[in-house]
Amino acid sequence: DGGITQSPKYLFRKEGQNVTLSCEQNLNHDAMYWYRQDPGQGLRLIYYSQIVNDFQKGDIAEGYSVSREKKESFPLTVTSAQKNPTAFYLCASSPSIESYEQYFGPGTRLTVT
Amino acid sequence: GNSVTQMEGPVTLSEEAFLTINCTYTATGYPSLFWYVQYPGEGLQLLLKATKADDKGSNKGFEATYRKETTSFHLEKGSVQVSDSAVYFCALNTNAGKSTFGDGTTLTVKP
């Protein structure tokens, strides 16, 4: 089946460590996105990529980094510079720059202690 | 900038009750409007959408009409079920690739 996979579902790290969250899609979508969701709040855009080898900062990019070396993959690294990294992270994709709806993965819950 | 304001929750209804979740927006240009649903521990799923004024989006018994004059996109369902319990997000997009989401409204339906 086509879709977006995120792994792992739950991730635990010690403070001060970098951690990379995986996002893979086999929908042949050009655009991919990373969001952060905190309890009782909406989604906040971290980074997005409209095409391979290109990405832009979203509203809360500080403390995060991404790469887009392959069309199907858009990993997110949460660095030690991110002050409050514990959150639910959602990856999404859309068919092209002209498309408006987004398709979401199941999410990764990151806990940093 | 763009913004989406949703009715605050949580909303608790009995099975077969009528549902309305209010959503209003501010945006430059001509946005497309969406409702997404999120079940516990999962990602968001597109529920319905409308891309121009007076369009009605519908899916699984849910409906929402794009009202440009009131800048609203209220979600409605005539008879809710326990399985509709979830968090509902209203969203808009004026530039492909950057959606703006509301804070979400938690719906609980009791048998």
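All values derive from a computational prediction rather than experimental measurement.

Residue and element names in this part refer to chain A. Read from one edge of the open sheet, four strands run β1-β3-β8-β7, paired in antiparallel fashion. Two strands in the sheet have a free side with no partner beyond their single neighbour: β1 (4-7) and β7 (64-66). Pairwise comparison of adjacent strand axes, ignoring direction, gives a mean angle of 20° for this sheet. The pairing of β1 with strand β3 (residues 19-25) spans four bridges and is classified as antiparallel. Looking across to β3, one finds that S7 is bridged to S22.

A separate point is the interface of chain B and chain A. Counting from both sides, the interface comprises 20 residues of chain B and, opposite them, 23 residues of chain A. Buried surface at the junction of chain B and chain A, both sides included, amounts to about 1600 Å², of which 53% is carbon and sulfur. Along the contact surface separating chain B from chain A lie one salt bridge. We note a salt bridge from E101(A) to K49(B), for which the minimum N-O separation is 2.9 Å. The interface formed by chain B and chain A contains five residue pairs in polar contact (both at pLDDT 80 or more). Residue assignment for the side of chain B that touches chain A shows that the elements contributing at least two residues are β5 (32-38), β6 (44-50), β10 (86-95) and β11 (98-101) of chain B. At four residues, β5(B) tops the list of elements feeding residues into the side of chain B that touches chain A.

Residues and elements named next belong to chain B. If you walk through the whole model with that rule in mind, you get twelve aromatic pairs over all chains. Residues F34 and Y36 carry aromatic rings whose centres are separated by 6.0 Å and whose planes lie at 35° to one another, so their mutual orientation is tilted. A relative accessible area of 0% places F34 in the buried class. Take Y36: its relative accessible area is 0%, and that puts it in the buried class. Relative to Y88, the ring of F62 has its centre 5.6 Å away and its plane inclined at 40°; by these criteria the two rings are tilted. Pair noted here: F62 is in strand β8 (residues 62-65) and Y88 is in strand β10, with a separation of 26 residues, a long-range link. On the basis of relative accessible area, F62 is assigned to the buried category, the value being 3%. In this structure Y88 comes out as buried when scored by relative accessible area, which is 1%.

All names here are of chain A. Summarising burial for strand β9 (residues 87-94): eight of the eight residues are buried, a large majority. On β9, burial covers both faces: A87, Y89, C91 and S93 on one face and F88, L90, A92 and S94 on the other are all buried. With seven bridges joining them, strand β4 (residues 31-37) and β9 adopt antiparallel strand pairing. Bridge assignment links R36 to a residue of β9, and that residue is Y89. Sheet topology note: the β9/strand β11 (residues 108-112) ladder contains three bridges and is antiparallel. Pairing of A87 across the sheet is with L110, part of β11. As defined by bridge partners, β9 adjoins strand β10 (residues 103-104) across two bridges and the pair is classed as antiparallel. Across the sheet, residue S93 finds its bridge partner in β10, namely Y103.

Scoring rules and cut-offs
Residues numbered from 1 in each chain as written. Chains lettered and ligands numbered in written order. Predicted model: local features only at pLDDT ≥ 70, side-chain atom pairs only at ≥ 80, totals over all residues. Heavy atoms only, no water. Pairing = 2+ DSSP bridges. Helix = DSSP H or I, 4+ residues; strand = E, 2+ residues; numbered from the N terminus. Axes fitted to C-alpha atoms, helices over the stretch in contact; angles between N-to-C directions. Contact = heavy atoms within 4.5 Å. Buried area = accessible area lost by both parts, 1.4 Å probe. Salt bridge = Lys/Arg side-chain N within 4 Å of Asp/Glu carboxyl O. Polar contact = N/O pair within 3.5 Å; in protein donor to acceptor, adjacent residues only side chain to side chain. Phe/Tyr/Trp six-rings, centres within 6.5 Å; stacked < 30°, edge-to-face > 60°. Buried < 20%, exposed > 50% of the residue type's maximum accessible area, 1.4 Å probe, protein only.

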